[in-house]
Amino acid sequence: GAVVSQHPSRVICKSGTSVKIECRSLDFQATTMFWYRQFPKQSLMLMATSNEGSKATYEQGVEKDKFLINHASLTLSTLTVTSAHPEDSSFYICSASPDRGRDTFGSGTRLTVV
Amino acid sequence: EDQVTQSPEALRLQEGESSSLNCSYTVSGLRGLFWYRQDPGKGPEFLFTLYSAGEEKEKERLKATLTKKESFLHITAPKPEDSATYLCAVYNNNDMRFGAGTRLTVKP
């Protein structure tokens, strides 16, 4: 089955620094990947759609300059949280699928900004 | 506006005590309804896809059903290892919308 790898699983950073999260499709090519954010006891909220070779599509209310997405290859998308602040602390999850709708999710990244 | 509502928010069962989780939705042009299992600190794990009213899918102790307004995830004789958050999501025109989930705890 489709496998999506996400790294790192946990990261702690100082306020004002930037953090990069990687999402890789291991056994299939993904022209589109999705980035979600999840707060405790809440559902996944789509942040952006990452498109290989073109600009990402951001959901309303998501700051493009703060959450930089790069999808330079068919198997890798990265999310960079720039100038992180404590309120950016959250659980970030990516997903991808060779067949849209039946997505495979990464294992998630717990970001803590101190 | 498309909405997905899951109930109950939390459910505590004794081992062997069967129950059902509900996912009600309002969406135009439903293309699929999905159930996922999410363990703490992990990404969601795919369980089922349902495409049309009347459809049912089974996997071990889990059975998912779908009507035009809601889906049920039935858990038969649950075990402690079934403890997790169960998420449903609807897929409509390339847009997936998730419910807030039901946190299931099964006590031995």
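This text follows the structure it describes.
Residues numbered from 1 in each chain as written. Chains lettered and ligands numbered in written order. Predicted model: local features only at pLDDT ≥ 70, side-chain atom pairs only at ≥ 80, totals over all residues. Heavy atoms only, no water.

**Overview of the overall build of chain B**
For step 1, the next point in the chain: Check the secondary structure of chain B and you find zero helices and eleven strands.
For step 2, the next point in the chain: Its helices and strands taken in sequence order, chain B reads β-β-β-β-β-β-β-β-β-β-β from the N to the C terminus.
For step 3, the next point in the chain: Against the compact-globule benchmark of 13 Å for 108 residues, chain B has a radius of gyration of 13 Å, which places it among compact chains.
For step 4, the next point in the chain: Counting only C-alpha atoms and orienting by the principal axes, one finds that chain B spans roughly 40 × 30 × 20 Å.
For step 5, the next point in the chain: Going through the 108 residues of chain B one by one, you find that 46% of them count as buried.
For step 6, the next point in the chain: Within chain B, contacts between residues separated by at least 24 positions form 54% of all contacts whose residues are at least 6 apart in sequence. (Helix = DSSP H or I, 4+ residues; strand = E, 2+ residues; numbered from the N terminus. Rg over C-alpha atoms; globule rule 2.2 N^0.38 Å. Buried < 20%, exposed > 50% of the residue type's maximum accessible area, 1.4 Å probe, protein only. Contact = heavy atoms within 4.5 Å.)

**Structural notes on the nonpolar core**
For step 1, the next point in the chain: Of all hydrophobic cores here, the largest spans 25 residues; its most connected members are W35(A), Y58(A), F67(A), I69(A), L79(A), Y92(A) and L111(A).
For step 2, the next point in the chain: Looking at this core, the elements that each hand over two or more residues are β2 (10-13), β3 (19-25), β4 (32-38), β5 (44-51), β7 (67-73), β8 (76-81), β9 (90-96) and β11 (109-113) of chain A. (Core = buried A, V, L, I, M, F, W, Y, C linked by side-chain atoms within 4.5 Å.)

**Looking at the pairing of strand β4 (residues 32-38) of chain B**
Residue and element names in this part refer to chain B.
For step 1, the next point in the chain: Summarising burial for β4: seven of the seven residues are buried, a large majority.
For step 2, the next point in the chain: Burial along β4 is two-sided: G32, F34, Y36 and Q38 and L33, W35 and R37, pointing in opposite directions, are all buried.
For step 3, the next point in the chain: The pairing of β4 with strand β9 (residues 84-92) spans seven bridges and is classified as antiparallel. Directly across from F34, in β9, lies its bridge partner A89.
For step 4, the next point in the chain: For β4 and strand β5 (residues 45-50), the ladder comprises five bridges, and the chain directions are antiparallel. Of the residues in β5, the one forming a bridge with L33 is L50.
For step 5, the next point in the chain: Following β4, the chain reverses through six residues before pairing antiparallel with β5; G41 in that reversal takes a positive phi of roughly 70 degrees. (Pairing = 2+ DSSP bridges.)

**A few points about unusual backbone geometry**
For step 1, the next point in the chain: In this model, H7(A) is joined to P8(A) through a cis peptide bond whose omega is 0 degrees.
For step 2, the next point in the chain: For the bond from S7(B) to P8(B), the omega torsion is -10 degrees, close enough to zero to count as cis.
For step 3, the next point in the chain: Turning to its location among the elements, P8(B) is positioned in the loop between β1 (3-7) and β2 (10-14).
For step 4, the next point in the chain: Not every positive phi belongs to a glycine, and S83(A) is a case in point at roughly 45 degrees.
For step 5, the next point in the chain: Inspection of the secondary structure assignment puts S83(A) in the loop between β8 and β9.
For step 6, the next point in the chain: Given the relative accessible area of 34%, S83(A) is considered partly exposed.

Keep in mind these numbers describe shape, not what the thing actually does.
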